[in-house]
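Coordinate inspection notes
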There are 2 protein chains.
Amino acid sequence: MNILLVAGAPQESWPTIKQSFDYYVGIDRGSLLLYQNDLPVDLAVGDFDSLKESEHKQIVSIAKELLTAPAEKDDTDTQLALAAVLEKFPHATVTLIGATGGRIDHFLANLWMAVETRFRPFCQNIVIKDKQNTISFLLPGKHMIKKENDKQYLSYCCLSVVYGLTLSKSKYTLDNQDVLQPTVYASNQFIEDFAEVEFKTGVIAVVQSKDQ
Amino acid sequence: MNILLVAGAPQESWPTIKQSFDYYVGIDRGSLLLYQNDLPVDLAVGDFDSLKESEHKQIVSIAKELLTAPAEKDDTDTQLALAAVLEKFPHATVTLIGATGGRIDHFLANLWMAVETRFRPFCQNIVIKDKQNTISFLLPGKHMIKKENDKQYLSYCCLSVVYGLTLSKSKYTLDNQDVLQPTVYASNQFIEDFAEVEFKTGVIAVVQSKDQ
């Protein structure tokens, strides 16, 4: 089950969407962007305060399901959407777009969903994408990272304390390093189709990126 | 002493620059952007691998000082630039632009400079800005946050473990909360000209943001 979550950042931030998805979720203004791109809106989530009255009506009429959030709440609309989706489809692979390039507080809340207790067990099935970046998440263990053809750089971003970080099969390597504060090992590069990373605790965001 | 650091993200990400600065630093492609905007280049830092040969020559000829970094290094160009600037002017106020909206790994490395041991003592003098966001940094203590006129939202982003977080004089408040993992308290709002925040350990990024 492949699910696309579309948050409200402008469409110019979107990556090229090649595949089709099984389920489409619009987050606030993202619902309108799905509709404008002739994509279905299986679920629309948000307080829709970013939409005009006529746009809101349009979304209410075309969304197969609507999850209306109060404007004043603890969660961001994206957190609400992810929680709703994972409750329905706990084994789904989730791609989140439109979640970068706008408000930095929103972006950080989206990035750090991976360390939240409720989302952490699912974080390896979540990918955040925009036109320059693919962000995936890793839990402790040994992992192979597959190179994306259009990306030059490979960076490991330790979102929390990470013990025993070993990077191998990449241009720069690291051996059993303890990382005690948020740290980016940036601008590494693949030397084969797969790079290898292993660690004992924490959550790592793997960013494959390219210059504009 | 007010210093402007310009990193390489496209100029469309820049905030409106109203004030003039005492010292201008171009980081890689940022040097070219300074030059193209008729601003001085007091220091140019980087490996300049993002520039064409002719552009590179131009920068070499106009920069008052040049700090050429090897392409293969541990630090990002922005880290190198900030280290150089703080060595020259440890009491300076530093505004960093062109540091958001491109490669996410670069942005996170920039954001997390505030928790690096070498930069942490200076972090309260550093501001990262783009057209939608102002990010400032706080060390433990009690602080008043001044509202920026053009911003609607106030968010507190705990970059590391934060003990005893108290938010007051804002729409949403918090009392002596221990925050054990990176967390955003997003979309808070000012109720007066100043909001108040107090905490005992860690580093907090304060983001004032607006919708596009």
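It should be noted that the structure appears before, not after, this text.
Now for a look at the structure at hand. (Residues numbered from 1 in each chain as written. Chains lettered and ligands numbered in written order. Predicted model: local features only at pLDDT ≥ 70, side-chain atom pairs only at ≥ 80, totals over all residues. Heavy atoms only, no water.)

1. Overview of the overall build of chain A
From N to C terminus, chain A includes four helices and 14 strands. In terms of overall size, chain A behaves like a compact globule, its C-alpha atoms giving a radius of gyration of 18 Å where 212 residues would be expected to give roughly 17 Å. Along the longest, intermediate and shortest principal axes, the C-alpha atoms of chain A span 55 × 30 × 30 Å. Taken over 212 residues, chain A has a buried fraction of 53%. A separation threshold of at least 6 residues defines the contact pool for chain A, and within that pool the share at least 24 residues apart is 60%. Accessible surface, chain A as shown: approximately 9,400 Å² in total, 48% of it carbon and sulfur. (Helix = DSSP H or I, 4+ residues; strand = E, 2+ residues; numbered from the N terminus. Rg over C-alpha atoms; globule rule 2.2 N^0.38 Å. Buried < 20%, exposed > 50% of the residue type's maximum accessible area, 1.4 Å probe, protein only. Contact = heavy atoms within 4.5 Å. Areas by Shrake-Rupley, 256 points an atom, 1.4 Å probe, with all protein chains shown as cover.)

2. What to know about the nonpolar core
Nonpolar side chains in soluble globular proteins tend to be buried together. One finds A:Leu108 and B:Leu108 to be the most contacted residues of the largest nonpolar core, which totals 78 residues. Sequence-distant contacts of A:Leu108, defined by excluding residues within four places in its chain, comprise B:Phe107, B:Leu108, B:Leu111, B:Cys157 and B:Val184. (Core = buried A, V, L, I, M, F, W, Y, C linked by side-chain atoms within 4.5 Å.)

3. With respect to the pairing of strand β5 (residues 93–97) of chain A
For a regular strand, the rule is simple: side chains alternate between the two faces of the sheet. Residue and element names in this part refer to chain A. Counting buried positions along β5 yields four of five residues, so the element is predominantly enclosed. Where strand β1 (residues 2–6) meets β5, five bridges bridge the pair, whose relative direction is parallel. In the sheet register, Asn2 faces β5, and the bridge partner there is Thr93. In this sheet, strand β6 (residues 126–129) lies alongside β5 in parallel orientation, the contact comprising three bridges. Residue Leu96 lies in a different strand from β6, and its bridge partner there is Ile128. With helix α4 (residues 104–111) bridging β5 and the parallel β6, this β-α-β connection has right-handed handedness. (Pairing = 2+ DSSP bridges. Right-handed = clockwise from strand over helix to strand, strands pointing away.)

4. Side note on the pattern of salt bridges
Throughout the structure, instances matching the rule amount to 24 salt bridges over all chains. Salt-bridge contacts for A:Glu55 lead to A:Arg29; the nearest nitrogen and oxygen are separated by 3.8 Å. A residue pair is termed long-range when its members are at least 10 positions apart, and A:Glu55 in helix α2 (residues 53–62) and A:Arg29 in helix α1 (residues 29–36) qualify at 26 residues. With a relative accessible area of 28%, A:Arg29 lands in the partly exposed category. Between B:Lys142 and B:Glu196 there is a salt bridge; the shortest N-O distance is 3.8 Å. With B:Lys142 in strand β8 (residues 141–146) and B:Glu196 in strand β13 (residues 194–199), the pair connects residues that are 54 residues apart, well separated along the chain. Note on B:Lys142: relative accessible area 56%, which makes it exposed. (Salt bridge = Lys/Arg side-chain N within 4 Å of Asp/Glu carboxyl O.)

5. As for the environment of A:Gly202
With respect to the helices and strands, A:Gly202 occurs in the loop between β13 (194–199) and β14 (204–209). Sequence-distant contacts of A:Gly202, that is, excluding residues within four places in its chain, are made with A:Arg120, A:Leu138, A:Leu139, A:Pro140, A:Ser160, A:Val161 and A:Val162.

6. Section: the sheet that holds strand β10 (residues 162–168) of chain A
Residues and elements named next belong to chain A. Pairing is antiparallel across the open sheet formed by four strands, whose spatial order is β8-β13-β10-β11. In the strand order of this sheet, the two ends are held by β8 (141–146) and β11 (174–179), each with one partner. On average, each strand axis in the sheet is inclined to that of its neighbour by 25 degrees, with strand direction left out of account. Relative to β11, β10 is paired through three bridges, and the arrangement is antiparallel. Bridge pairing links Leu167 to Leu174 in β11. (Axes fitted to C-alpha atoms, helices over the stretch in contact; angles between N-to-C directions.)

7. Things to note about the packing of aromatic side chains
Under the defined criterion, the tally for this structure stands at five aromatic pairs over all chains. Look at A:Phe21 and A:Tyr24: their rings are 5.9 Å apart centre to centre, the planes differ by 75 degrees, and that puts the pair in the edge-to-face class. Assessed through its relative accessible area of 7%, A:Tyr24 is described here as buried. For the ring pair A:Phe107 and B:Phe107, a centre distance of 6.2 Å and an interplane angle of 70 degrees mean the geometry is edge-to-face. You can see A:Phe107 sitting in helix α4 and its partner B:Phe107 sitting in helix α4 (residues 104–111), one on each of two chains. Owing to a relative accessible area of 5%, B:Phe107 belongs among the buried residues under this scheme. Just above the ring of B:Tyr153 sits the side chain of A:Arg103; from NZ or CZ to the centre is 3.6 Å. (Phe/Tyr/Trp six-rings, centres within 6.5 Å; stacked < 30°, edge-to-face > 60°. Lys NZ or Arg CZ within 6 Å of the ring centre and 35° of its normal.)

8. Focus: the relation of the copies chain A and chain B
It takes a turn of 180 degrees to lay chain A on chain B, together with a shift of 0.0 Å along the axis; the resulting RMSD is 0.0 Å. Here the transformation between the copies is reduced to the relation of a two-fold axis. Among all residues of chain A, the one whose C-alpha sits closest to the rotation axis is A:Gly101, at a distance of 2.5 Å. The fraction of interface residues of chain A whose copies in chain B are also interface residues reaches 100%, indicating that both copies meet through the same surface. (Least-squares fit on C-alpha atoms with pLDDT ≥ 70 in both.)

9. Some remarks on the interface of chain A and chain B
When the parts of a complex come together, some accessible area is lost, and that lost area is often used as the size of the interface. Taken together, the 41 residues of chain A in the interface contact 41 residues of chain B. When the two sides are added together, the surface that chain A and chain B hide from each other amounts to roughly 3,000 Å², 60% of it contributed by carbon and sulfur. Interface area lost by chain A to chain B is led by A:Arg103, A:Ile104 and A:Trp112, which between them contribute 23%. The interface formed by chain A and chain B holds two salt bridges in total. One salt bridge connects A:Arg103 with B:Asp211, and the closest N-O pair in it is separated by 3.9 Å. Taken together, the links from chain A to chain B amount to 14 residue pairs in polar contact (both at pLDDT 80 or more). Ranked by the residues each element gives to the side of chain A that touches chain B, the list is headed by α4(A), at seven residues. (Buried area = accessible area lost by both parts, 1.4 Å probe. Polar contact = N/O pair within 3.5 Å; in protein donor to acceptor, adjacent residues only side chain to side chain.)

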